[in-house]
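Inside the fold
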Amino acid sequence: MAAPGVEARALFAEGVRAVLGGWAALQLAVAQGFGGPQGPEKAAWLSSALLDFFSQNADLEQEEVEDFLAEVMDNEFDTVVEDGSLQQVSRELVTLFARARGGDVGGVGAALGALARRGPALAAALASARPGGDPQSPPGTPPTAPRSPPERGGQRQEEEEESSEEEE
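What comes next concerns the included structure. Model, not experiment: these values are computed from the prediction.

Next up on the list: the environment of N57. By the secondary structure assignment, N57 is in the loop between helix 3 (39–56) and helix 4 (62–77). Within the structure, the side chain of N57 is placed 2.8 Å from the backbone oxygen of F53, a separation counted as a polar contact.

This part takes up the nonpolar core. In this structure, W23, L26, L69 and L93 are the most contacted members of the largest nonpolar core, which totals 34 residues. For this core, the secondary-structure elements that each account for two or more residues are helix 1 (2–21), helix 2 (24–31), helix 3, helix 4, helix 5 (85–101) and helix 6 (105–129). Those residues in contact with L93 that sit more than four places away from it in its chain are F12, V16, V19, L50, F54, V65 and L69.

Turning our attention to unusual backbone geometry. Phi is positive for D78, which is not a glycine, with a value near 50°. Following the sequence through the fold, D78 ends up in the loop between helix 4 and helix 5. Looking at D78, the relative accessible area reads 63%, which means it is exposed.

This part covers the packing of aromatic side chains. All told, the structure shown has five aromatic pairs when counted by the stated rule. Look at F12 and F54: their rings are 4.9 Å apart centre to centre, the planes differ by 65°, and that puts the pair in the edge-to-face class. With F12 in helix 1 and F54 in helix 3, the pair connects residues that are 42 residues apart, well separated along the chain. Judged by its relative accessible area of 1%, F54 is buried. Relative to F68, the ring of F53 has its centre 4.5 Å away and its plane inclined at 15°; by these criteria the two rings are stacked. Of this pair, F53 sits in helix 3 while F68 sits in helix 4, and the two are 15 residues apart along the sequence.

The rules behind the values
- Residues numbered from 1 in each chain as written.
- Predicted model: local features only at pLDDT ≥ 70, side-chain atom pairs only at ≥ 80, totals over all residues.
- Heavy atoms only, no water.
- Helix = DSSP H or I, 4+ residues; strand = E, 2+ residues; numbered from the N terminus.
- Polar contact = N/O pair within 3.5 Å; in protein donor to acceptor, adjacent residues only side chain to side chain.
- Core = buried A, V, L, I, M, F, W, Y, C linked by side-chain atoms within 4.5 Å.
- Buried < 20%, exposed > 50% of the residue type's maximum accessible area, 1.4 Å probe, protein only.
- Contact = heavy atoms within 4.5 Å.
- Phe/Tyr/Trp six-rings, centres within 6.5 Å; stacked < 30°, edge-to-face > 60°.

Written out as structure tokens, the structure is:
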């Protein structure tokens, strides 16, 4: 009888990773280094902490999950989430947990498919939020400024200086 519990936990673990991977507030906090250099590790820890939280509290309400996530985001990432995503993420997690616990593999699969479709939009948003606009650049990388065409032997600067002298 242990197999359904193991399968449900594995399904839910996959769902938690997908939900957190698609949560823009968390991903931006990690990408921008709000969690310090250990930000990615803290995000991975959050995934396992959520699994434990749900395992130890089978009848969690959405508000309890919101409070847990808000506390983690504040304490670990110095981020107060006010964009409504706490409610959305909490609702998705509670729904996924209920489906996984009930053995609704199809329901969990459909939810995972929907989460996967959000991925490209999030990746694009993260790329534009990263310094330099490069999704591969590490947090803290200075943005790259557009390069202006090179001056021809300083001629332009000399012309500007001459015209300002003539005006005086």
